[in-house]
Amino acid sequence: MENEKKHYCFNCRKYDAFYTKEETRYKITTDGYCSEEGKIKDHKCYCELWCSKPRNRIGLRGSVPRVLRELLYDISALKQILEEQSNAQKQEPMQ
């Protein structure tokens, strides 16, 4: 038992922290709800039923630049269309 690593509740998938509303933001409290045990626990408790939180495998590093490139492409296409329309209006003779 001594060799086993003990895990805190705040880092468990089944633990949901409580928040209090302040003037401009929410502040995390030291208590939360454990859905596995069905009771309120302190965030520094140890638990035998601990399970790790899933990691976000996609991440923002890959998706944000991709979305920005797509937006830049769309904006460039719109700019080209507007410039072509503006040039076409300038070349038409006044009637």
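The text that follows walks through the structure, step by step, so that each part is easy to find. Along each chain, residue indices are assigned from 1 in the same order as the chain's sequence is written. Totals for whole chains, interfaces and linings use all residues, but because this is a predicted model, local features are given only for residues with pLDDT of at least 70 and pairs of side-chain atoms are given and counted only at 80 or more. The basis for every side-chain value is the complete set of non-hydrogen atoms in the structure, without hydrogens or water.

**Notes on the packing of aromatic side chains**
- Ring pairs are drawn from Phe, Tyr and Trp, using the six-membered ring of Trp, whenever the two centres fall within 6.5 Å, and their geometry is named by plane angle: stacked under 30 degrees, edge-to-face over 60, tilted for the rest. Following the criterion strictly, the structure yields one aromatic pair and no others.
- For the cation-ring pair, Lys44 lies above Tyr8, with the distance from its terminal atom to the ring centre recorded as 4.7 Å. A positively charged side chain is recorded as over a ring if its NZ (Lys) or CZ (Arg) lies within 6 Å of the ring centre. The angle to the ring normal must also be within 35 degrees.

**Considering the environment of Tyr26**
- Secondary structure follows DSSP: runs of H or I at least 4 residues long count as helices, runs of E at least 2 residues long count as strands, and numbering of each begins at the N terminus. Locating Tyr26 in the fold gives a position in strand S2 (residues 26-34).
- The class of Tyr26 is exposed, set by a relative accessible area of 54%.
- Any two residues having at least one pair of non-hydrogen atoms within 4.5 Å are treated as being in contact. Not counting chain neighbours up to four residues away, the residues in contact with Tyr26 comprise Tyr19, Thr20 and Lys21. Burial here depends on accessible area, computed with a 1.4 Å probe over protein chains only, as a share of the maximum for the residue type. Under 20% is buried, over 50% is exposed, and the range in between is partly exposed.

**Considering the side chain of Lys41**
- Here Lys41 is to be found in strand S3 (residues 39-42).
- Side chain to side chain, Lys41 and Glu37 meet in a polar contact 3.4 Å long.
- Not counting residues up to four positions away in its chain, the partners in contact with Lys41 are Cys9, Tyr15, Thr30, Asp31, Gly32, Cys34, Tyr46 and Cys47. Each polar contact in these results corresponds to two N or O atoms within 3.5 Å; when the atoms are within protein, one needs to be able to donate a hydrogen and the other to accept it, and residues that are neighboring in sequence are counted only if both atoms are side-chain atoms.

Purely spatial values, then, with no claim about function.
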